[in-house]
Amino acid sequence: MARIRYGARDEAEIAAARTASSKLPDIWSTGVVAVWESDPDVVAAVLPPPLKPTGRPLVRVNISKVDLPGYPLGAGSVAVAAEHGGVEGWYPLVMPMTHERALIGGREVFGEPKKLGEVEVERDGLVVRARLARHGIAFVEVRGAVSGALPLPEPTQKTDFYFKFLPAVDGSGFDADPVLVHCVRNEKVRKLEAVTGDVVLRESMYDPVADLPVRSLVEITIGEKTTDQQGRVVERVSAQSLLPYIHQRYDDPAQILDGPPEGSA
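All of these numbers come straight from a predicted model, not from anything done at the bench.

Visitor: Is there a simple way to explain the pattern of salt bridges in this structure?
Guide: Pairs may arise between side chains of opposite charge once their charged atoms sit close together. Following the criterion strictly, the structure yields 20 salt bridges and no others. Within the structure, one salt-bridge network assembled from shared partners comprises Glu118, Glu120, Glu122, Arg129, Arg131, Glu141 and Arg202.

And the structure:
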């Protein structure tokens with residue numbers, strides 16, 4: 001009988017897939033990173049408990065193109081500085097991806113707030129332009145010119161915070177208490193340059209990062225780096241404390257209640 005592709009995979013196939021994913025080579029990306037200070041009250045307002053603000057109200061945008069053979073990927077994020085349990089890191093509010101494969105794994109495994117979007121990184125000589133866009137709106141754009149090489153940093157670890165949850169089937173909240181994930185990224189940089197420029201935030205009802213204004217630009221860089229990541233659940237969090245922030249994950253929070261008619265495809 002011909003193989004039934006929706007049928008169960010055997011143990012050997014599952015083990016082979018797991019082994020292949022654990023032996024990925026270093027994947028290098030070229031990316032623009034901008035960091036700025038915003039309003040302390042605004043940064044604090046977007047952090048679901050138990051996350052807390054750090055000593056500086058920093059916002060970071062990362063806009064990258066990833067060299068995947070035959071599968072070029074655009075990946076971005078807008079995050080605010082946060083702290084949990086003595087660990088300082090970043091809480092991403094939105095992470096546009098240009099392909100569904102990158103979106104699904106991050107959302108379902110780690111709880112990353114990934115959404116399909118447009119991600120562009122362009123360099124023409126010294127001139128740099130990078131943007132994140134969804135629904136026809138370039139809600140973040142970084143523009144500038146390379147002003148010189150920077151010393152390469154040592155390999156480092158960075159932490160991102162995510163909330164992983166499933167909306168309840170009956171629309172009453174969540175199927176189980178959400179979990180807070182610490183995702184630790186090991187980062188290596190092989191090229192880094194400073195950029196003199198600015199950050200433009202445009203109004204979008206879907207991605208309202210314009211609420212995080214640039215009060216003081218800290219830095220803009222362009223570089224080449226590779227990262228790997230490992231996540232761990234650090235605690236379960238109160239469903240009631242997270243529910244007021246659930247709209248961060250969706251363009252329309254009501255869509256989690258949109259169920260297809262019985263028997264529809």
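Visitor: Just checking my understanding: could you explain the side chain of His182 for this structure?
Guide: Topologically, His182 is positioned in strand β10 (residues 179–201). Residue classification places His182 among the buried positions, given a relative accessible area of 6%. A polar contact of 2.9 Å, which involves the side chain of His182, links it to the side chain of His84. Beyond its immediate sequence surroundings of up to four residues, His182 is in contact with His84, Val87, Thr159, Asp160, Phe161, Gln230, Gly231, Arg232 and Val234.

Visitor: Can you help me understand the nonpolar core in this one?
Guide: Core analysis: the biggest nonpolar cluster contains 41 residues, and Val61, Val78 and Val80 have the highest contact counts within it. Take this core: its biggest share by element is four residues, from strand β8 (residues 137–149). Residues contacting Val78, with those up to four places away along its chain left out, are Val59, Arg60, Val61, Tyr91, Pro92, Leu93, Val94, Leu132, Phe139, Val140 and Val209.

So, how was this worked out
Residues numbered from 1 in each chain as written. Predicted model: local features only at pLDDT ≥ 70, side-chain atom pairs only at ≥ 80, totals over all residues. Heavy atoms only, no water. Salt bridge = Lys/Arg side-chain N within 4 Å of Asp/Glu carboxyl O. Helix = DSSP H or I, 4+ residues; strand = E, 2+ residues; numbered from the N terminus. Buried < 20%, exposed > 50% of the residue type's maximum accessible area, 1.4 Å probe, protein only. Polar contact = N/O pair within 3.5 Å; in protein donor to acceptor, adjacent residues only side chain to side chain. Contact = heavy atoms within 4.5 Å. Core = buried A, V, L, I, M, F, W, Y, C linked by side-chain atoms within 4.5 Å.

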